[in-house]
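A look at the structure
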Amino acid sequence: MLSNWIQQAKNMVVFTGAGMSTESGLPDFRSSNNGLWRKKDPNKIASTEALNNNVDEFIEFYRERVLKVKEFGPHKGHDILADWEKKGKIQSIITQNVDGFHQQAGSKRVAELHGSLQKLRCQSCGKEYDSEEYINKEYHCSCGGILRPNIVLFGEMLPQDAFQFAQEEAVKSDLFIVLGSSLSVTPANQFPLIAKEHGAKLVIVNQEKTEMDRYADQVIPNKKIGELLRELDMELFS
Ligand code: APR
């Protein structure tokens, strides 16, 4: 059924979460087995409060994540999504992920709702650096300010341009496919509902239940994303 919907879709948008990158080797946040937030409290480590009052632990945590993002890369599923964009089958990707793997795989129209770990910025003057600085244990800007990842911390606003782009894409979509998200973080988790409210078919591919399953036209809980994308690619384009 899903391959038919993809075939017929005129405006297919894909929405990804951390489950899209677990097959690359990155942990997700809320998987019952090894999600990052199963071990650490996000409010104490991934928030502006942590940056201001717990900066050593904050930097150590994000240096670890930068090392993993530089060590791993896109898997076959990311490549398939980039190929489907080239084939005109995908309009855009809205991602909560900060690993940059969609762009590394060749996807062009990507909204990074939560920013990117590939870059750092000075908390004082805003100057941008490559996240290599963290790998080299360089934690300060030339102005003396502290360098923090260019991602959205709990308590911060989403980047306006990415939010706007995602809003427009969700409204225009006629097929909205969620890949690997628990859909538990606002406002990102509103985009599947916006798509649905504007007439799109909503499909959720996720190994565990999500908070939006009841709104979906189809839920696919028992498939790993990479495997599903390979099967769909064979059905649709081989
Ligand atoms: N195939 C299918 N589903 C998978 C796979 C896989 N290979 N790997 C993991 N999953 C599912 C998990 O079952 C989990 O429900 O992906 C989901 C990922 O959910 P979360 O860990 O909550 O990640 P996400 O939804 O992206 O989190 C949203 O929370 O902490 C913030 O900013 C952070 O962007 C993140 C946001």
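This text follows the structure it describes.
Residues numbered from 1 in each chain as written. Predicted model: local features only at pLDDT ≥ 70, side-chain atom pairs only at ≥ 80, totals over all residues. Heavy atoms only, no water.

With that settled, consider the overall build of the protein chain. When helices and strands are counted, the protein chain shows 10 helices and nine strands. For 238 residues, the compact-globule estimate of 2.2 N^0.38 gives 18 Å, and the protein chain sits close to it at 18 Å. For the C-alpha atoms alone, the extent of the protein chain along its principal axes is close to 55 × 35 × 30 Å. Residue burial in the protein chain is summarised as follows: out of 238 residues, 53% are buried. Within the protein chain, contacts between residues at least 6 apart in sequence are counted, and of these 64% link residues at least 24 apart. Of the roughly 11,100 Å² of accessible surface on the protein chain, a fraction of 48% belongs to carbon and sulfur atoms. (Helix = DSSP H or I, 4+ residues; strand = E, 2+ residues; numbered from the N terminus. Rg over C-alpha atoms; globule rule 2.2 N^0.38 Å. Buried < 20%, exposed > 50% of the residue type's maximum accessible area, 1.4 Å probe, protein only. Contact = heavy atoms within 4.5 Å. Areas by Shrake-Rupley, 256 points an atom, 1.4 Å probe, with all protein chains shown as cover.)

With respect to the element layout, glutamate 138 can be found in the loop between helix 7 (132-135) and strand 6 (147-151). For glutamate 138, a relative accessible area of 41% translates into the label partly exposed. With sequence-adjacent residues up to four places away left out, glutamate 138 is seen in contact with Glu133 and Leu147.

Counted by the stated rule, this structure contains 11 salt bridges. For lysine 70, the salt bridge goes to aspartate 130, with nearest N and O atoms at 3.0 Å. In this pair, lysine 70 is assigned in helix 4 (residues 55-71) and aspartate 130 in strand 5 (residues 128-130), connecting sequence segments 60 residues apart. The partner of glutamate 169 in a salt bridge is lysine 172, with the nearest N and O atoms 3.1 Å apart. Taken together, the positions of glutamate 169 and lysine 172, both in helix 8 (residues 160-172) and three residues apart, correspond to about one turn of that helix. (Salt bridge = Lys/Arg side-chain N within 4 Å of Asp/Glu carboxyl O.)

Quick look at the environment of serine 181 now. Relative to the helices and strands, serine 181 is located in the loop between strand 7 (175-179) and helix 9 (191-197). The class for serine 181 is buried, based on a relative accessible area of 6%. Distance from serine 181 to serine 31, taken between C-alpha atoms, is 9.8 Å for residues 150 residues apart in sequence. Beyond its immediate sequence surroundings of up to four residues, serine 181 is in contact with Phe15, Gly17, Gln96, Asn206 and Thr210. Looking at serine 181, its side chain comes within polar contact range of the main-chain nitrogen of leucine 183, at 3.0 Å. (Polar contact = N/O pair within 3.5 Å; in protein donor to acceptor, adjacent residues only side chain to side chain.)

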